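# Working through the structure, step by step
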Amino acid sequence: MDKPQLIEHLHEALNYTVYDTKWVPLSAKFVILGSKANGHGIMDIYELNQDKLVKVKSVEKKVAFKCGTFGAASLRNRHMAIGDFEGRLQVLDMEQPDLPVYNVKAHNGIINTIDAIGGTQIDCGAPEIVTGSRDGAVKVWDIRQGQAPVVDMSPPPQMGDGVNNSSGRRDCWAVAFGNTYNAEERIVAAGYDNGDLKIFDLRSLSVRWEATMKNGICGLEFDRRDIPMNKLAVTTLEGGLLVFDMRTQHPTKGFSYVEERNAGRSVGTNGVISGPKATVWVVRHLPQNRDLFLTGGGTGSIRLWQYEYPDRRVIDDSDGNKLGVAGALNMLSAATLSSQPVHCFDWHPDKLGLAVCGAFDQSVRVLITTKLNTF
Amino acid sequence: MSAQEKAFELQRQVRQNAREYENSVKDLYSWEQDIKNKEKELQKSPLSAANKDLPVRSHVQTDKSRKESASSSAASSPTEKQDLPVDPVAQQYKKANDIKDRGNTYVKQGEYEKAIVAYSTAIAVYPHDPIYHINRALCYLKQESFDQCVEDCEAAIALDKLCVKAYYRRMQANESLGNNMEALKDCTTVLAIEPKNIEAKRSLARINDRLRKIATKSGPNFTPDRPGMIEILPIEKPAYKRSKKAMRSVPVVDVVSPRATIDDSNQLRISDEDIDKIFNSNCGIIEEVKKTNPKPTPMPDTSGPPKAETIAKTSKEVKPTKQTAVKVAPAVETPKETETRKDTKIVPESDNEAKPSAPKKTAVEVPKVQTQVSPPKTTIERSPEVNTVQTEKIEQASSNNAMSPSPIERFLPPAPTSTAQFHVTWKELSGPQKYQYLKSIEVPNLCKILGAGFDSDTFADLLRTIHDFFVPNKEPNTAAVLLEISKNDEFTILAMLMSAEEKKMVSSILNAIKNWPSKNPAVLDNLFKEYGVA
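Residues numbered from 1 in each chain as written. Chains lettered and ligands numbered in written order. Predicted model: local features only at pLDDT ≥ 70, side-chain atom pairs only at ≥ 80, totals over all residues. Heavy atoms only, no water.

Let us now look at the overall build of chain B. If you tally the helices and strands in chain B, you get 24 helices and 0 strands. Counting every position in chain B, which comprises 534 residues, the buried fraction comes to 36%. Residue pairs at least 24 apart in sequence account for 62% of intrachain contacts in chain B once pairs closer than 6 positions are excluded. Working note: accessible area of chain B is about 33700 Å², and carbon and sulfur atoms make up 57% of it. (Helix = DSSP H or I, 4+ residues; strand = E, 2+ residues; numbered from the N terminus. Buried < 20%, exposed > 50% of the residue type's maximum accessible area, 1.4 Å probe, protein only. Contact = heavy atoms within 4.5 Å. Areas by Shrake-Rupley, 256 points an atom, 1.4 Å probe, with all protein chains shown as cover.)

Pasting the structure below:
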């Protein structure tokens with residue numbers, strides 16, 4: 001009875017497709033990135049004003065926006081890094097969004113996903129942006145360096161007839177920073193459409209670990225970016241949700257994980273899970289509590305999960321190697337918001353329980369989650 | 001739990017949720033106010049410089065690689081833009097590298113002169129890096145100043161013994177200079193340092209090819225195998241069986257003319273006059289022999305035949321010795337040096353024997369021709385029967401010679417018995433001799449002796465002889481000779497083709513004869529008519 005509730009506080013219908021929603025740090029504003037019917041990109045800034053949303057600013061650009069982040073921006077200068085459908089990465093100042101601060105043709109295809117770090121965190125390395133694209137490349141950018149990425153993790157060029165070249169390259173759908181607990185260490189996790197999960201170590205410039213899921217990876221997030229990596233949540237097509245324990249890497253078995261196969265299906269208010277195995281589009285950890293996270297699914301439902309640690313996180317296997325032990329997933333709450341997938345979700349970093357999410361029904365919603373302080 | 005209780009519980013729950021939501025929203029609104037105020041304050045605050053001091057990731061890497069390159073070899077270090085090093089030597093090196101970079105751009109543009117200047121400056125600034133020398137060598141190579149290229153390569157090698165490029169460029173320069181052996185050495189050095197260098201391999205094949213070609217053409221390395229030669233092969237002995245005696249160094253003597261022995265037999269077959277013709281441009285064997293012999297006059301005898309015999313004898317004596325010399329050479333299986341030494345020993349002997357005969361040779365030569373005895377020189381190599389053509393050749397040779405012997409030393413040949421003999425002899429003779437010679441021929445035979453070979457030159461000669469000698473001496477048979485000449489079959493044509501000078505000569509002869517006391521007017525008239533002179 002004292003379970004958290006996911007309550008839709010505000011709802012704003014839009015005349016364009018929403019691709020990403022992000023809170024502006026230290027404000028009651030959020031940004032909507034989307035694509036108009038004519039293919040133009042649009043960025044709207046809304047502000048919460050009691051019981052209604054006020055549009056503060058609207059910027060339209062030639063190319064549709066796909067994703068954006070404030071991760072590399074400081075609190076004072078609100079620079080949003082945005083990836084668009086033509087592979088261009090630009091950094092816009094929210095005060096003067098017409099002229100980009102930084103602009104680079106980062107990829108040959110659409111930038112599917114973006115993550116950034118180093119803006120507000122202290123003692124955790126340089127501000128960097130990582131982008132993943134349909135061209136299969138994962139690139140790390142530092143806007144202080146010119147037009148070249150600081151790290152480029154492209155797949156090797158494919159041999160072949162050139163006609164089916166695109167099929168040879170994997171499509172990168174999700175990237176996430178993590179393990180940035182000091183100035184040197186940094187890890188990028190990348191998920192691909194074929195279910196490949198790669199963990200790149202930026203300090204040693206090597207692949208730390210790779211694994212293959214059963215389905216293409218849609219969403220990735222470390223529970224915290226700026227601590228030694230603890231948990232990695234992965235969501236896939238066909239309703240998969242996996243949480244890896246990232247503390248212990250076994251030499252052969254790698255990281256152990258817990259899997260939930262029904263995360264994409266809709267949950268009725270009476271707790272009955274029904275419907276097809278839908279894609280889990282997004283996973284977001286609660287900024288105030290790293291063991292709580294929310295997933296947005298293909299059926300338009302969202303679910304709040306709690307990760308319960310096992311009694312012992314590490315055991316010794318028969319060879320004397322350390323093996324991580326995954327915990328258990330406990331679904332706290334579920335809500336169906338839309339008939340269309342909820343594919344973007346953002347917790348407000350400063351206000352517990354406040355979130356904004358976008359769905360493919362051309363609307364954004366501001367959510368209030370209660371009783372989160374009880375966990 | 002009853003249904004009523006359940007319903008109540010649900011109601012309570014909903015009410016509680018609503019209250020909670022209400023509280024949350026109230027909380028949210030207050031938070032909204034707070035955050036908006038905070039935001040406004042933030043806007044007013046100065047722009048905080050973002051994490052400025054943290055290095056860009058890729059820059060961190062370049063720092064690392066810079067450290068690595070500094071520790072690696074100086075020659076291969078990249079000369080990209082870097083902070084000036086503190087070390088003065090390093091500063092010099094950097095300056096030199098900058099100058100070198102300038103030179104490199106000149107090379108790319110093909111301006112080798114400027115590039116050479118740049119590299120020279122770089123060497124002056126920092127003389128310890130072979131790269132400047134190598135690059136300048138390339139420029140010299142392109143400019144085809146190969147000697148300077150070689151010098152630079154040697155300088156580079158002095159700085160770095162394993163400088164492959166220096167060896168390779170020196171090889172190229174040496175190849176262009178034609179020093180194939182030097183080039184070969186450099187090429188093998190390159191391959192020793194870099195066994196997989198394909199270019200060097202190709203060059204090696206090319207140089208080897210060229211060397212082989214030269215060697216087969218006229219190389220000093222290869223002489224055809226002589227028959228009966230014993231090849232001494234090296235013997236493989238185990239270490240314990242090997243001689244304990246120290247190795248003795250055998251002095252190796254260079255043979256100046258190793259091919260002389262091979263040509264020796266051929267030399268015998270080549271006649272002296274042929275040699276004379278080919279090598280001395282017909283300046284005459286006779287004169288040459290005279291020079292070697294200081295006393296040619298003691299034997300001015302004219303009695304030919306016996307002398308010729310003695311010469312033949314001496315030459316025959318000489319011949320065997322020479323033959324033995326020739327025989328000895330191949331028979332003795334000794335190293336080449338001794339062989340040649342033997343030859344040189346033998347040859348002077350035969351020379352000594354031959355020398356005394358030389359003056360006799362010259363003395364007898366002319367009479368011998370007259371008497372149809374083969375000339376003594378030829379007896380050495382040829383059969384005694386010498387055909388006339390050969391003698392003709394000899395005579396021609398001596399007549400053509402400007403330094404031909406004075407008439408005193410020449411002996412008048414006997415009167416010719418045949419046309420050929422006359423013509424051959426005639427051309428050899430000097431003016432007074434021709435007079436004597438012509439006089440010795442019986443007048444009635446003259447027509448016959450002149451024969452069909454009678455040509456305008458001989459005719460002019462005859463006229464001149466008559467004009468110069470017969471007329472002053474008032475020879476009685478002058479008219480007869482002229483008449484006899486006119487009887488020749490060729491005469492009519494020759495008379496018609498007489499030059500003005502010849503006609504003048506004829507008329508002066510005839511006018512002179514006219515004044516002589518013993519004259520036959522009929523014959524004279526006839527002559528005037530025949531010679532077409534009025």
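This part takes up the overall build of chain A. Secondary structure summary: chain A contains 1 helix and 32 strands in total. Considering chain A as a whole, with its 375 residues, one finds that 61% of them fall into the buried category. Counted over contacts in chain A with a minimum sequence separation of 6, partners at least 24 positions apart contribute 50%. For chain A, the exposed surface amounts to about 14400 Å²; the carbon and sulfur share of it is 47%.

Here we take up the UniProt feature "repeat: WD" (unreviewed entry) in chain A. Within the UniProt annotation, "repeat: WD" (unreviewed entry) is assigned to residues 129-151 of chain A. Helix makes up 0% of residues 129-151 of chain A and strand 43%, whereas the separation of the span's terminal C-alpha atoms amounts to 10 Å. (UniProt positions renumbered as here; feature names shortened; annotations may be inferred.)

Time to look at the interface of chain B and chain A. Chain B puts 32 residues into the contact, and the matching count from chain A is 44 residues. Of the roughly 3300 Å² buried where chain B meets chain A, counting both sides, 52% is carbon and sulfur surface. Run the count over chain B and chain A and you get 4 salt bridges. Here Glu20(B) ties to Lys371(A) by a salt bridge, and the two come within 3.5 Å at their closest N and O atoms. Remark: the boundary between chain B and chain A carries 10 residue pairs in polar contact (both at pLDDT 80 or more). Where the side of chain B that touches chain A is concerned, the elements lending two or more residues are helix H1 (3-44) and helix H2 (57-71) of chain B. Looking at the side of chain B that touches chain A, its residues break down into 12 nonpolar, 11 polar and 9 charged. (Buried area = accessible area lost by both parts, 1.4 Å probe. Salt bridge = Lys/Arg side-chain N within 4 Å of Asp/Glu carboxyl O. Polar contact = N/O pair within 3.5 Å; in protein donor to acceptor, adjacent residues only side chain to side chain. Nonpolar A, V, L, I, M, F, W, Y, C, P; charged D, E, K, R; others polar.)

Right, let's talk about helix H18 (residues 431-440) of chain B for a bit. When we look at burial in H18(B), the residues that qualify are Gln433(B), Lys434(B), Tyr435(B), Tyr437(B) and Leu438(B). Turning to H18(B), the residues buried within the fold contact helix H17 (419-428), helix H19 (443-450) and helix H20 (456-470) of chain B.

This brings us to unusual backbone geometry. Both trends apply: most residues other than glycine have a negative phi, and most peptide bonds are in trans. Backbone geometry at Lys371(A) places phi at a positive 60°, although glycine is not the residue there. Structurally, Lys371(A) is set in the segment after strand E32 (363-369). Classification of Lys371(A) by relative accessible area gives buried; the value is 10%. Unusually for a residue other than glycine, Glu144(B) sits at a positive phi of about 65°. Note on placement: Glu144(B) falls in the loop between helix H5 (130-143) and helix H6 (146-159). Judged by relative accessible area, which is 57%, Glu144(B) ranks as exposed.

Taken together, the side chains of Ile493(B), Met496(B) and Leu497(B) make up a nonpolar region of the molecular surface, amounting to roughly 380 Å² of accessible area. Within the element layout of this structure, Met496(B) appears in helix H22 (residues 491-496). (Patch = residues over 30% accessible without salt bridge, like charges linked within 9 Å, V, L, I, M, F, W, Y side chains within 5 Å.)

Now for the side chain of Glu39(B). Structurally, the position occupied by Glu39(B) is in helix H1. In this view, Glu39(B) contacts Leu26(A), Ser27(A), Ala28(A), Lys29(A), Glu47(A) and Arg78(A); residues no more than four positions away in its chain are not counted.

Quick look at the nonpolar core now. Residues and elements named next belong to chain B. Phe-459, Ile-466, Leu-482, Ile-485 and Tyr-531 are the most contacted members of the largest nonpolar core, which has 39 residues in total. Here this core gets 6 residues from one element, more than from any other, and that element is helix H23 (residues 500-515). Apart from residues no more than four positions distant in its own chain, Leu-482 is found in contact with Leu-463, Ile-466, Ile-509, Leu-510, Ile-513, Leu-527 and Tyr-531. Ile-116, Cys-139, Ala-166 and Leu-211 belong to the second-largest nonpolar core, a separate cluster that totals 30 residues. (Core = buried A, V, L, I, M, F, W, Y, C linked by side-chain atoms within 4.5 Å.)

Residues and elements named next belong to chain A. For the structure on display, the rule yields 17 aromatic pairs over all chains. Ring plane angle 20° and centroid distance 5.9 Å describe the contact between Phe-30 and Tyr-46, whose orientation is recorded as stacked. Here the residue Phe-30 occupies a position in strand E3 (residues 29-35), and Tyr-46 occupies one in strand E4 (residues 41-49), the gap between them amounting to 16 residues. Tyr-46 carries the same exposure label as Phe-30, and that label is buried. Here the aromatic rings of Phe-345 and Trp-347 are separated by 5.0 Å at their centres, their planes lie at 75°, and the arrangement is edge-to-face. An aromatic cluster is defined as three or more aromatic residues linked by ring pairs; in this entry it consists of Tyr-19, Phe-85, Trp-281 and Phe-360. Lying over the aromatic face of Phe-177, Arg-186 brings its terminal NZ or CZ to 5.6 Å of the ring centre. (Phe/Tyr/Trp six-rings, centres within 6.5 Å; stacked < 30°, edge-to-face > 60°. Lys NZ or Arg CZ within 6 Å of the ring centre and 35° of its normal.)

Residue and element names in this part refer to chain A. Reading across the sheet, the 4 strands line up as E18-E19-E20-E21 and stay open at both edges, with antiparallel pairing between neighbours. Two strands close off the open sheet at either side, each with one partner strand: strand E18 (217-222) and strand E21 (257-260). Strand-to-strand twist of the sheet, defined as the mean angle between neighbouring strand axes without regard to direction, takes the value 15°. Both strand E20 (residues 241-245) and E21 contribute to a ladder of 4 bridges, which runs antiparallel. Residue pairing across strands places Phe-244 opposite Tyr-257, the latter belonging to E21. (Pairing = 2+ DSSP bridges. Axes fitted to C-alpha atoms, helices over the stretch in contact; angles between N-to-C directions.)

This part takes up the pattern of salt bridges. Across all of its chains, the model carries 36 salt bridges over all chains by this definition. A salt bridge links Lys55(A) to Asp44(A); the nearest nitrogen and oxygen atoms lie 3.7 Å apart. Of the two residues, Lys55(A) sits in strand E5 (residues 52-61) while Asp44(A) sits in strand E4, which places them 11 residues apart along the sequence. Between Lys487(B) and Glu484(B) there is a salt bridge; the shortest N-O distance is 3.6 Å. Each member of the salt-bridge network shares a partner with another, and the members are Glu8(A), Asp361(A) and Arg365(A).

With that out of the way, let us pick up the sheet that holds strand E15 (residues 187-192) of chain A. Residue and element names in this part refer to chain A. Across the sheet, 4 strands lie side by side as E14-E15-E16-E17; this open sheet has antiparallel pairing. Looking along the sheet, the strands with just one partner apiece sit at the ends: strand E14 (172-178) and strand E17 (206-212). Taking each pair of neighbouring strands and ignoring which way they run, the sheet shows an average axis angle of 15°. In the sheet, strand E16 (residues 196-201) pairs with E17 via 6 bridges, with the strands oriented antiparallel. Following the sheet pairing, Lys-198 is matched in E17 by Glu-210.

Once that is clear, we can look at the environment of Gly353(A). Residue and element names in this part refer to chain A. Relative to the elements of secondary structure, Gly-353 occurs in the loop between strand E30 (342-347) and strand E31 (354-359). The exposure class assigned to Gly-353 is buried, which follows from its relative accessible area of 2%. Spatially, the C-alpha atom of Gly-353 lies 6.6 Å from that of Leu-372, the residues being 19 residues apart in sequence. Setting aside anything within four residues of it in sequence, one finds Gly-353 in contact with Trp-347, Leu-367, Ile-368, Thr-369 and Leu-372.

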